[in-house]
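# Examining the three-dimensional arrangement
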Amino acid sequence: MTESKIQTWRFLYVLILISSLLGHVVCQDDDEGGGTSKFGNSSAANQLFSRYASDRFSNLSTSLKGDIQDKFSFCITDVDADWNEAFNFSKNPRFLAKCVRTNRDMMKRVCTVAEIKFYFSSFSQSGGETKKSAFLKPNKNCNLTSWVPGCEPGWACSAGRNKVNLKDASHIPYRVQKCSPCCEGFFCPRGITCMIPCPLGAYCPLAKLNTSTGVCDPYNYQLPPGNPDHKCGGAETWADIMSSGEVFCSGGSYCPSTIQKVPCSRGYYCREGSTSQLTCFRFATCNPKSANQNITAYGLMLFAGLGFLIVIIYNCSDQVLATREKKKELSREKAVQSLRETAQAREKWTSAKEIAKKHAIELHTSLSRTFSRKKSQKQPASQAKPGTDAGLPATETMGTSEQPKKKEKGNLTKILHEIEDNPESHEGFNIDIGDKQSKKNPPKGKELHTQSQIFRYAYGQIEKEKALQEQNKNLTFSGVISMAHEVDTIIRKRFTIEVAFKDLTITLKGKNIHLMRCVTGKFSPGRVSAVMGPSGAGKTTFLSALTGKAPGCIMAGTVQINGKEGSIQAYKKIIGFVPQDDIVHGNLTVEENLWFSARCRLAADLPKPEKVLVVERVIESLGLQAVRDSLVGTVEKRGISGGQKKRVNVGLEMVMEPSLLILDEPTSGLDSSSSQLLLRALRREALEGVNICMVVHQPSYTLYRMFDDLVLLAKGGLTVYHGPVKKAEEYFAGLGINLPDRANPPDYFIDVLEGIIKLNTGTGLTVKQLPVRWMLHNGYPVPMDMLNIMEGMSAQSDGSGHGGDSAHSTGSTPISFVGDLWQEVKCSVQTNKDHLQHNILNSADLSQRKTPGVLTQYKYYLGRLGKQRLRDIRTQVVDYLILLLAGLCLGTLAEVNDETFGATGYTYTVIGVSLLCKIAALRTFGLDKLHYWRERSSGMSSLAYFLAKDTMDHFNTIIKPLVYLSMFYFFNNPRSTVTDNYFVLLCLVYCVTGIAYILSILFDPGQAQLWSVLLPVVLTLIATHGDDSDVVTFIGDLCYTKWALEAFVISNAKMSAFNPPYTSHCECVAPTL
């Protein structure tokens, strides 16, 4: 017999066996012998039928797939895979064979898709909580008129001769015949007459009557009264583990099938709902019947390792930047040394040349005298005859004769000549031995690449400028004219800005109070102007108004830039404003602060050597060379002195080469020598055409003489004098105010304006009349009320003299408390509105300077933030240590409970991680607000600033979940994997970091910290609140705490390759939260 025939006979045999089996199943109703037929005793037939029934159950997923996805898509991603893991009984279909032996019409007792939907929808519509005593809705088989024994819990009935299609999802079959106890491995709910197979991971044995309690153990349902033939059947319900925990395989045991429970062995652990036992880790402890493995040893080892690493980082964090700074300092010292050697060689050569020149002159003089004596002693020669050679004029014969060979110059002489011809040489005075040749074309400008070359170039230029200044000290007018070309090559002229203002008046909104009134004048390029006056004269307000920074005020009058009216903000890229407070980054060095400002604010096309030259020039001029590598310092950490910090504050604006430089009390806190050093630096800036104006409080006489112009303001913001410093004494002397001998002019003038020094009564002049005298002296329009003061009349007029604006009446009706409060609120709102408009609205750029773009500034911000984070690494280490301790404590205190999926521990986790990460993230923007406003007002990119901060915080966003989870996971040991927990924690930390950003930007630090503490607690309470209120539910759906808790619980409810199947636990997720 051939092989093909043998295969054909085998195939026919299988078909005959299956057809006889199916026919026997269909005709079971005709057989009255319960379970004693030949079919029931055939193990092969039972096994074949069990596989057939298992396939039928597995195929039901296609009918229920849509409903499962609609209701449980939040935790079931692959319906077919999950259904296969839950109802694939092909590996162990023993309970099906056992049921067939008991009930030959088993397939007529199994629930259809319609009945399954009816069962689960009945309790899901009531909130998802299944009560053991709850009844299902009335249906065709179980209602008030029909209540067969199969309607009782644990019992089921057959459909008889009616055909049953398990995939029928629309009709419930009539099923009231041959009611009997439910088979093992199935559950029969109260109110329907069919059986539903228990999924894998459940344990559904037959119930036994407890005679003492009268309930059917382990399912706790009672037998119907008055029916002695009714006995305990199978399981009566299966839903979530909270409602039907007795159906699931208990912890410490595993259930290969739904009717078999095996205790867990030593070295293995079995969680609740396990179908197999899992091997414990190497250092874990697993006793017999262990429901979980004890992996605390791993947590302790990890804690010790991380703690040791944190200690090392905490103590050695400063070495990272210190090494880099030492390398840079070495390069700078090398450049200085090379420059010093070059200068020494130049001096030696100059002195040698002078000596040689002196000796040559002496030798020439002596030789001239000797030859003149000999020539005088000789007799005159006979006259030559005409026509002879002697009568011809002497001709030069050197061109045809051989010239004597010149002596070759030595190596040292060549180098000296090169240094003289090229004093900017970057090679220095280095004598090469042998045949080594020095570079003939040293790199310059853009060709400079190495750090040493750049520093050598910068210091060379600075030394040249110093030498030029020394030469200019004693030059006459003709000498200055002769060196004009050399000065122009060193000092670059900048774009000039002239600020002119006319009738400038500033009034507080809503209060009718003048902060400044009728101020007229101008600030010219190349001049240093000083604004002085007593306290309350509006000096800072005046400078702020010129820069367009007068929030909450009404500004009248005109301000012209280079003769044109317009917003000064259009020139903000070339305007420097030095605030009164020292707003400098304390965790950066002096050089790093200046270098960052130069890179972000200088022209993008300016070569790096030129930028280095600018920074080095500012450091040299401000006398910061000794502290250039020192940290500026903060309140907590001591740094440079207060005077040095004030000079760094000024240097931040000087390094960007402004065209207009406004300074608010730059000499406050400085001694006399430091103030003179600062003024000299500003005078040098003025040589480049910079317009400099500054507020000064009672400078010394030496400083006073260094100013070009003086603006003297009286109280109320009125101008008393505006003109050259040299003519101030002459003007006041014309008013009868004579300066005493040895008196400091600014001190005397301010004392007069303060009323400390009384004016001479013989002149008839008062302090209040001084502003009017100045206005009349220059022909400016004077308001009528000010003229009345001059004439001795009471200030009552609504008109104005000379076209000026009238002052507001002071005798108005008193305002009530409510009206005053309303004015305060309006003023506050208007001030905030002006702040937003000033910082958000951008005007057209007229500065003619193209600064680096957003991406370039983003790179610079990243570099600065990296240095700041490295220097503040100890703060970060403390944050990580607190997270470690929090994970250890919460992981230990929160008990692992498979019935709640660790919801308690995860609730603590959400609150704890939210609190710690929010408070830490508040430092990102909350501590640098003043620095941001200063940089933003100077034209730096806000987008680059935010992106750099956010990018740097991504490191914490990635690391902090790992730090917390390294302790919590090993001490709590949840069902879900490390990856699932880390992903949820990553999203949680990212979310709370964003919320902390918003809080730190909108609120002050104290209020932001309070909100950071309240939000996680309140939102968690709302998310876990069991109220049926629609409002509370809606708010809870918007809470990030609910999203995090659901994600944690769902990750524990899902089946994975590392945890035993926990079938369809998603049904309890939404209700428990």
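The structure this text deals with has already been given above.
What comes next is a walk through the structure. All values derive from a computational prediction rather than experimental measurement.

On to unusual backbone geometry, then. With an omega dihedral of 5°, the bond running from aspartate 217 to proline 218 counts as a cis peptide bond. Here proline 218 shows up in the loop between β6 (215-217) and β7 (221-222). Phi at arginine 742 is positive, roughly 60°, even though this residue is not glycine. By secondary structure assignment, the location of arginine 742 is in the loop between α20 (728-734) and α21 (745-754).

The next subject is the state of the cysteines. For the structure shown, the criterion picks out ten disulfides. The disulfide partner of cysteine 249 is cysteine 255, and the S-S distance across this bridge is 2.2 Å. Between cysteine 249 and cysteine 255, the S-S dihedral sits near 85°, and the bridge is therefore right-handed. Comparing cysteine 249 with cysteine 255 shows no difference in burial state: the two are buried.

Of all hydrophobic cores here, the largest spans 62 residues; its most connected members are Phe707 and Phe732. Discounting chain neighbours no more than four positions away, the residues touching phenylalanine 732 are Leu712, Val720, Tyr721, Ile737 and Phe749. Membership of the second largest hydrophobic core comes to 52 residues, among which are Met107, Val113, Ile116 and Cys232.

Enumeration over the complete set of coordinates arrives at 22 salt bridges. Close ionic contact of arginine 934 with glutamate 653 constitutes a salt bridge, the shortest N to O distance being 2.9 Å. Of the two residues, arginine 934 is situated in helix α28 (residues 929-937) and glutamate 653 in helix α17 (residues 642-654); the sequence distance between them amounts to 281 residues. Summarising the burial analysis for this pair, arginine 934 and glutamate 653 share the class buried. One salt bridge in this structure joins glutamate 688 and arginine 684, with 2.5 Å as the shortest N-O distance. Arginine 684 shares its class with glutamate 688; the two are buried. In the salt-bridge network here, residues are joined through shared partners; they are Glu591, Glu616 and Arg628.

Gaps between atoms show up when a probe of the same size as a water molecule is rolled over them. Applying the stated criterion across every chain yields a total of seven cavities of 30 Å³ or more. Size it by volume and the largest cavity reaches roughly 160 Å³. Around the largest cavity, the lining is made up of 16 residues, and of these Ser597, Leu652, Arg934, Glu935 and Met940 lie nearest the centre. Element by element, the count of residues in the lining of the largest cavity is highest for helix α15 (residues 590-601), at four residues.

Criteria and cut-off values
- Residues numbered from 1 in each chain as written.
- Predicted model: local features only at pLDDT ≥ 70, side-chain atom pairs only at ≥ 80, totals over all residues.
- Heavy atoms only, no water.
- Helix = DSSP H or I, 4+ residues; strand = E, 2+ residues; numbered from the N terminus.
- Disulfide = S-S within 2.5 Å.
- Buried < 20%, exposed > 50% of the residue type's maximum accessible area, 1.4 Å probe, protein only.
- Core = buried A, V, L, I, M, F, W, Y, C linked by side-chain atoms within 4.5 Å.
- Contact = heavy atoms within 4.5 Å.
- Salt bridge = Lys/Arg side-chain N within 4 Å of Asp/Glu carboxyl O.
- 1 Å grid on protein atoms, 1.4 Å probe; cavity = no way out; pocket = protein on both sides within 12 Å on 5 of 7 lines; lining within 4 Å.
- Points joined across faces, edges and corners; volume = space filled by probe spheres on them.

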